[in-house]
Amino acid sequence: MSTSNRSRLGKRATGFDAIIGQQRQIRMLAAALQKKEVPHAMLFTGEAGIGKKTTAIHFAMACNCGHPMPMAGGFVFSGSVNPCGECRPCRKIASGNHPDVYHIQPPGATIKIEQIRTLCSALSLRPHEALLRIVLLSDAHLMNAEAGNALLKVLEEPPEKTVFILTAPEAADILPTIVSRCRHLRFNPIPEDQLEAYLVEKRGMPPENAMIIASMANGSIGRALSICDDDWILLHRRRVIEQMEIIFRKPAGRDLHFAEMLAQDRKKLRFSLEIMKSWLRDLAVSRYFPEKVCNRDIRSRLAALSRTVDMDGLIEKTDAVWQAERAITANANARLAIEAMMMRLSE
Amino acid sequence: MAYLVFARKYRPQTFEDVVEQAHVTKTLSNAVTSGRLAHAILLSGPRGTGKTTIARILAKCVNCSEAPTSTPCNQCRSCTEITAGNAMDVFEIDGASNNKVENIRELRENAKYMPAHSPYKIYIIDEVHMLTDAAFNALLKVLEEPPAHVLFLFATTEVRKIPITILSRCQRHDLRRIGINAIAAHMKKICEGENIDISDKGLALIAREADGSIRDGLSLLDQVITCTETAITDKEIIDILGVIDRQILFDISGALFSGDMAAIIDICDLLYRQGRHMMKFYTELIEHFRNLLVVKMEGAASTLSDVPAHERELMEKQVGNITQPHLFQVLNVLFEEEWRIKLSASPKTALEMTFFRLMQIRPAFSLDALIEKLDRLKTGIAPAGKPQSPGASEPEPSASEPEPSAPEPEPSAPEPPVHGNVLSETGPDSPGDPGPECPADDPPESAPADPATPDAPSETPPMDLSQMDNGEIWDRLKSSICEKSPVLGACLADGTLTYTPPDRLVIEIASTHPNIALLRRKKNIAGIEKHCNDFFKQPLKISIDVKQTGPDPGDLKKKHRELESEARAHPLVNAAIKTFNGKIQDIKIL
């Protein structure tokens, strides 16, 4: 684990209550702890950056904490299962130094069978000090076929006092034989209002920016934080939306310099296409259900514009953006793909 | 922590306990008792159907102190050791991690020694499909003719990855997916043993979600029991498992058929906020529409085995007004858009766009309905008693669906009366092309009795031109001319007509018309006049005017000249000429 990761985890570690937006999942974990019915293998699924790993680490702390505290109100179970974050095991786990908490993650594009073999041999020994040994296998969907199969036997019947936690975006990405051996816990996207409150309170962000970022983050706190760190995004978003409005108001084939601007930076490009898609989506939604638009700051402009566009054209244009995105993912020439998209957008 | 999940705690220890694999367990137990057990057995089947379990029970059967028996005692040394997983003579090998040829060589070396205290030395190789080619080949000889005391049991989920040379040396037993009812019954038995109260409907929900695998079912049951403190309600089960509530599917198809986009957006948002898996929802949605289609085709008594009766009735009610082709269209779009949901970074947006697209589907008429309509037209029967506003019901019930979401909500303007133009009749979207000057108070009954229908033009009395407006007269005249002389018709296509009572007709053609020279010929003018007289059955004064369009060329030239001289005199131009020592080559006017 890199040092930056460690410090980040350390800062976040203040018990289960610090995890936002995953109350249902935490309630399940707390219940399992409380009843002493911790399953030997769990699979956490959900988009990147919504708190799967954080929850797993807190769970490891809760399993091993020396002075567990009661959960905050609102939980059915009032038992003391909340990690204190201050005892030795808690601090060790939070800093990634615990000898019995294994963290397996892909060193490159995949998790290799060697990592699993090493893990299996380590697991055949008794835990050093932990009450419950935790194996955290993040991005389990990146295991290659050999690694995944090598994990099957130990995952089905692991040694005593051992709990596996696998994380992945979706259960469908993993071998069904692995999924069938795990208790599956879905993590939901963090509700926008909670994300917004978090950004305002914890990051000291002005509310209007927090609202925009929360809507762009797709329910992922990791994504929200990375948007916060890159301050160009908000500005960029405004420009993209303004350009799109111009294209829709008076369609003309003059937008190739906008295409050029977009295609220049591949990293920005991904965001730009996201912004366009969500803007086009809002335009469509605005006609039927104005309260549900994502870009809430420009709601009135969207509503005004949505009255003038026709639905077939809008679908056609959304399709253009999709096609461009697909082409770019398939490593097409970004400039050409974007220009082709612009042509279709301004039709 | 000595907690064991149900799947491990209730792993069957005898052949009778294995759920729904009688075709395998019966064969194997007979083989054991009659002493005809093969030396190499391959068990294959989907995850969680009992491969490893059967292999272990079989090992007990042959190594039990009462061996050979089909009901191992589960008490003798051998049986307890096998259950605990530390038997000396039963090697349970993880084929996926010990997949190298070295591992197989080692196995071969050891196989020749006699077992320690049991009749057989048993090698259970689980996940055998992960062995390397070299390992498989190293196994071939010993697999064909093993020592008499050796038994090989292989288990795998992917039998197609195993070389045929191995397959031909093994007796193969395929395990089946387990039916919903059998899973539910098994779980019910376990719940009774554990003193857990859970409704049959709840168990059926879990069993459905288990998708044919008993281990999945037990894992889910475990999860449900752990997460609830008091009685287990169906609602909690739905919430914990993330099962898509069937009601939501009905809501969404209902909203789609009635064109209620707002409701659909709301449902999508709800699913998203609950963290539902969009792809899973999409799969269920496709299945739901497929069921609707089956119900439409076969009626509620159809053989939808896994849909309860009340749902089938609900489905029938929902598709009552929907045509079969429309359902096909919906399904087609759903399949086409599947990759988007799968690949998108924001599946929710993709899902919504799919619904927008579904909303845009114009309900297609079935071919039968179309032919019927054409037939009616031909026999001169009114195609529809009245001009239809969008959404008005059609004669036959199959075509009477409401048009989903007319893009621009048009006030129910009456359709313009038809003028023998068959094509404009066929779709419900013909209100899209109303003649601009069409009078709204035109008596609708005039449409069926239209004298200009091509079948019966000859018996018509002279028309009352004062009752009609210019556009209408012109349209009829044009179609009549087109029929008799397509060339003339094409020439007149862009013209306009003005009728001045009582008997004056003026046809105006723009001077820029490509065929203007053709129209100026005397013969053609006479032809047009003759057509008109034939058509209107009354003497009319007809004149053809050529309308000057665009600015006068003389004016234009003058203006250009002015602009040019202005440009030449411009101080900036002069300065540029001076600085660069240039001269004016050409002046272009934009």
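Here, the structure is the one placed above.
Residues numbered from 1 in each chain as written. Chains lettered and ligands numbered in written order. Predicted model: local features only at pLDDT ≥ 70, side-chain atom pairs only at ≥ 80, totals over all residues.

Take the overall build of chain B next. Counting its secondary structure elements, chain B contains 25 helices and eight strands. A burial count over chain B gives 32% of its 590 residues as buried. Across chain B, contacts joining residues at least 24 apart in sequence account for 72% of those joining residues at least 6 apart. (Helix = DSSP H or I, 4+ residues; strand = E, 2+ residues; numbered from the N terminus. Buried ≥ 20, exposed ≤ 12 C-beta atoms within 10 Å, placed from the backbone. Contact = placed C-beta atoms within 7 Å.)

Broken down by element type, chain A carries 16 helices and seven strands. Each of the 347 residues in chain A was classed as buried or not, and the buried ones make up 47%. In chain A, once contacts between residues fewer than 6 apart in sequence are set aside, the share between residues at least 24 apart is 71%.

Often, the extent of an interface is quoted as the loss of accessible area on bringing the components together. Contacts between the two partners involve 44 residues from chain B and, on the opposite side, 49 residues from chain A. Class assignment for the residues of the side of chain B that touches chain A results in 15 nonpolar, 14 polar and 15 charged. (Nonpolar A, V, L, I, M, F, W, Y, C, P; charged D, E, K, R; others polar.)

Attention now moves to the environment of Ser 215 of chain A. All names here are of chain A. Its location among the elements puts Ser 215 in helix α9 (residues 207-216). In this structure Ser 215 comes out as buried when scored by C-beta crowding, with 20 C-beta atoms within 10 Å. Considering only alpha carbons, one finds Ser 215 and Arg 296, 81 residues apart in sequence, at a separation of 8.1 Å. Excluding its chain neighbours within four sequence positions, the residues that come into contact with Ser 215 are Glu 192, Cys 294, Asn 295 and Arg 296.

Let us now look at unusual backbone geometry. All names here are of chain A. A positive phi angle is found at Asp 139, which is not glycine, with a value near 55°. The topology assignment puts Asp 139 in the loop between β5 (133-137) and α6 (145-156). Positive phi values are uncommon outside glycine, yet Asn 331 reaches one of about 70°. Relative to the elements of secondary structure, Asn 331 occurs in the loop between α15 (311-329) and α16 (334-345).

All names here are of chain A. Every buried residue of helix α12 (residues 256-264) is listed here: Phe 258, Ala 259, Leu 262 and Ala 263. Taken end-on, α12 shows its buried residues confined to a sector of 130°, consistent with a single buried face. Structural note: α12 exposes His 257 and Gln 264 on the side pointing more than 90 degrees away from its buried face. At its buried positions, α12 is contacted by α11 (232-249), α13 (266-288) and α16. (Arc of directions from axis to C-beta.)

With 138 residues, the main nonpolar core has Ile 165 of chain A together with Leu 153 and Ile 206 of chain B as its most contacted residues. Of all the elements, helix α3 (residues 52-64) of chain A adds the most residues to this core, at seven residues. The residues touching Ile 165 of chain A, leaving out its near neighbours within four places in the chain, are Met 42, Phe 44, Ala 56, Ile 134, Val 135, Leu 136 and Leu 137 of chain A. (Core = buried A, V, L, I, M, F, W, Y, C linked by C-beta atoms within 7 Å.)

All names here are of chain B. Taken in spatial order, the five strands make up an open sheet running β2-β3-β4-β1-β5, and their pairing is parallel. Two strands bound the open sheet, and with one partner strand each, they are β2 (90-94) and β5 (171-174). Geometrically, the sheet is characterised by an average inter-axis angle of 15° between neighbouring strands, direction not taken into account. Direction of pairing for strand β1 (residues 40-44) relative to strand β4 (residues 150-156): parallel, over a ladder of five bridges. Its bridge partner being in β4, Ser 44 is matched across the sheet by Thr 156. (Pairing = 2+ DSSP bridges. Axes fitted to C-alpha atoms, helices over the stretch in contact; angles between N-to-C directions.)

Another aspect to go through is the sheet that holds strand β4 (residues 101-104) of chain A. Across a sheet, strands are paired by hydrogen bonds formed along the backbone, either parallel or antiparallel in direction. Residues and elements named next belong to chain A. Sheet architecture is open: five strands sit in the order β4-β5-β6-β1-β7, paired in parallel fashion. Strands with a single pairing partner mark the edges of an open sheet, and in this sheet they are β4 and β7 (183-186). When the angles between neighbouring strand axes are averaged without regard to direction, this sheet yields 15°. By the bridge criterion, five bridges tie strand β1 (residues 41-45) to strand β6 (residues 162-168) in an arrangement that is parallel. Each residue of the ladder has a partner; that of Phe 44, found in β6, is Thr 167. Relative to the sheet, α3 contacts β1, β4, β5 and β6, its axis offset from that of β6 by approximately 170°.

Take helix α8 (residues 180-194) of chain B next. All names here are of chain B. The end-to-end C-alpha distance of α8, which contains 15 residues, comes to 21 Å, matching closely the 21 Å that a straight helix rising 1.5 Å per residue would cover. The set of residues buried in α8 consists of Ile 180, Ile 183, Ala 184, His 186 and Met 187. Each buried residue of α8 sits inside an arc of 165° when the element is viewed along its axis, so together they form one side. Looking at α8, the residues exposed on the side facing more than 90 degrees away from the buried face are Asn 181, Glu 192 and Gly 193. In the core, the buried residues of α8 are packed alongside α9 (200-210) and α10 (214-227). One or two steps after α8, the chain reaches Asn 195, where phi turns positive at roughly 60°. (Expected span 1.5 Å × (residues − 1).)

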